[in-house]
Amino acid sequence: MMLEMPYASAVYLRNLLYDKGILKSYLVPPLVVSIGNIEAGGTGKTPFTMALASELGRLGYNVAIVTRGYRGRLHGPVEVGPSHNYRDVGDEPLLMARTTGVPVIKSPDRCRGAAFAYRRLGAEIVLLDDGFQHRRIFRDLDICLVSGPLENERLLPAGRLREPVTSLKRACFIIDTKKDASIRIEGLIDFRGRLLSEIRADKIFAFCGIANPQRFFDTLRPFCAGIKTMIFADHHKYNAYDIRKIKKAATGSDMIVTTEKDFVRMNQSWMDDRFHALKVSMRSDKMMDIVREIERLAENRRISRQG
């Protein structure tokens, strides 16, 4: 209990100041939808944000993603392009820019990022990636992802909660990613960007540097009984030595498989034909309810679809 008291006090005071209006939330021109969580570690925020962005784009809305760009060197706001280096913009923004087909803005200051997306790119709907704790920007809709029951979890640093469970009352939608969502495997991508629709290998060597590596490994196991694994720290910055270590450990394996997020942190020249990234997408039973609510908010704001 003593470990978490300073952190808990700071979180409580900050939320109280926002709840009482002493700290202000700033209104920006576009409609703002936040996707976040109250847990440290992976709950699927990025794939959910990508899925929602793609669906809204498909419906004809001018939508952009605004993200802080964790560990990216550029301060922003900056529009992330497929050719950016992940060291400048962060691995998740680069992955989203390469796969969603909608603009991605790296900006630790979400208010400036949303204004940039609206004024420079004409985005009338902004999705905040990992935005639940970023209360300085007013949001029209708050979506919070959880990875299961949290009643017995403790706050950081004693546990893995960023905020107390009572903070979930701020959420308009709560998505339990173990019950309300599923991961769909789209195939494998090689280092040249080609998609293989099937996983065919007797022996797979899998590695990753993400918050929840076991979930990734479990996704692969139904396709191959012989899987060897290696784990790196979350957001690990791979170098040539790491790749040599991976290749040595993967001796005798037909494929070397990692996540798309890890793939954007690797130099193409280091890899051989065995290297692939698992391409996945997220599906949620609540996605259409969320989309309908965004459509209702957009209609009230007189936001029209393109085309």
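What you are looking at is a predicted structure, and each value in this text was computed from that prediction instead of being measured.

K.L.:
Honestly, the packing of helix α2 (residues 45-58) against helix α4 (residues 91-99) in this entry has me stumped. Any pointers?
P.N.:
In a pair of packed helices, the angle between the axes and the distance between the axes together describe the arrangement. α4 packs onto α2 with a crossing angle of 25° between their chain directions and a minimal axis gap of 11 Å. Taken as axis vectors, α2 and α4 run roughly parallel relative to one another. The interaxial crossing formed by α2 with α4 has right-handed handedness. Facing α2, whose interface residues are Thr-46, Thr-49 and Met-50, α4 presents Glu-92, Leu-95, Met-96 and Thr-99. Across the contact of α2 with α4, the residue classes tally to three nonpolar, three polar and one charged.

K.L.:
So what exactly am I meant to see when it comes to the pattern of salt bridges here?
P.N.:
Under the counting rule described, the total for this entry stands at 26 salt bridges. Of the charged contacts in the structure, one is a salt bridge between Arg-184 and Glu-186, with a shortest N-O distance of 3.9 Å. A salt bridge links Asp-273 to Arg-192; the nearest nitrogen and oxygen atoms lie 3.2 Å apart. With Asp-273 in the loop between α8 (260-263) and β13 (275-284) and Arg-192 in the loop between β8 (181-190) and β9 (195-196), this pair connects stretches of sequence that are 81 residues apart. Take Arg-192: its relative accessible area is 47%, and that puts it in the partly exposed class. By sharing partners, the salt bridges in this structure join Glu-39, Glu-153 and Arg-160 into a single network.

K.L.:
In this structure, what is going on with the packing of aromatic side chains? I would like to understand it.
P.N.:
Two aromatic rings, taken as a pair, are described by how far apart their centres are and by the angle between their planes. All told, the structure shown has five aromatic pairs when counted by the stated rule. A ring pair is formed by Phe-207 and Phe-232, whose centres lie 6.3 Å apart and whose planes are at 80°; its orientation type is edge-to-face. Linking Phe-207 in strand β10 (residues 203-208) with Phe-232 in the loop between β11 (226-231) and α7 (240-249), this pair joins segments that are 25 residues apart in sequence. By the burial criterion, Phe-207 is buried, and Phe-232 matches it.

K.L.:
It is not clear to me how unusual backbone geometry should be interpreted in this structure. Could you clarify?
P.N.:
Keep in mind that most residues, glycine aside, have a negative phi and that most peptide bonds are trans. That bond from Leu-156 to Pro-157 is cis: its omega, 0°, falls within 30 degrees of zero. By the secondary structure assignment, Pro-157 is in the loop between β6 (141-146) and β7 (173-176). Even without glycine at this site, Arg-71 takes up a positive phi of about 70°. Under the relative-accessibility criterion, Arg-71 is labelled partly exposed at 46%. Of note in this structure, Asp-130 is not a glycine but carries a positive phi near 60°. With respect to the helices, strands and loops of the structure, Asp-130 is situated in the loop between β5 (125-129) and β6.

K.L.:
Looking at this structure, I do not really get the sheet that holds β11. What am I missing?
P.N.:
Taken in spatial order, the six strands line up as β9-β8-β13-β12-β10-β11 in an open sheet, and their pairing is mixed. Each edge of the open sheet is held by one strand with a lone partner, namely β9 and β11. Of the pairings in the sheet, the one linking strand β12 (residues 255-259) to β13 comprises four bridges and is parallel in character. Looking across to β13, one finds that Thr-259 is bridged to Leu-278.

Calculation criteria
Residue positions within a chain follow its written sequence, with the count starting from 1. Given that the model is predicted, a residue must reach a pLDDT of at least 70 before its local features are reported, and side-chain atom pairs must reach 80 or more before they are shown or counted; all residues, however, enter totals for whole chains, interfaces and linings. Heavy atoms throughout the structure, all of them, feed into the side-chain values; hydrogens and water do not. Angles shown run from 0 to 180 degrees and are taken between the N-to-C directions of axes, each axis being a line fitted to C-alpha atoms and, for helices, limited to the stretch in contact. Only DSSP runs of H or I covering at least 4 residues are called helices, and only runs of E covering at least 2 are called strands; the numbering of each starts at the N terminus. Between 65 and 115 degrees an angle is taken as roughly perpendicular, under 35 as roughly parallel, over 145 as roughly antiparallel, and anywhere else as oblique. For any helix crossing, the convention is left-handed if the near helix is rotated counterclockwise from the far helix by under a right angle, and right-handed if that rotation is clockwise. Pairs of residues are marked as contacts when any of their non-hydrogen atoms sit within 4.5 Å. Polar here means any residue other than Ala, Val, Leu, Ile, Met, Phe, Trp, Tyr, Cys and Pro, which are nonpolar, and Asp, Glu, Lys and Arg, which are charged; Gly is therefore polar. Any carboxyl oxygen of Asp or Glu within 4 Å of a side-chain nitrogen of Lys or Arg constitutes a salt bridge here. Think of it in three bands: with a 1.4 Å probe and only protein chains considered, a residue is buried below 20% of the maximum accessible area for its type, exposed above 50%, and partly exposed in between. Ring geometry is summarised as follows: Phe, Tyr and Trp rings, the Trp one being its six-membered ring, pair when their centres sit within 6.5 Å, and such pairs are stacked at plane angles under 30 degrees, edge-to-face over 60 and tilted between the two. When DSSP locates at least two bridges between a pair of strands, those strands are taken to pair.

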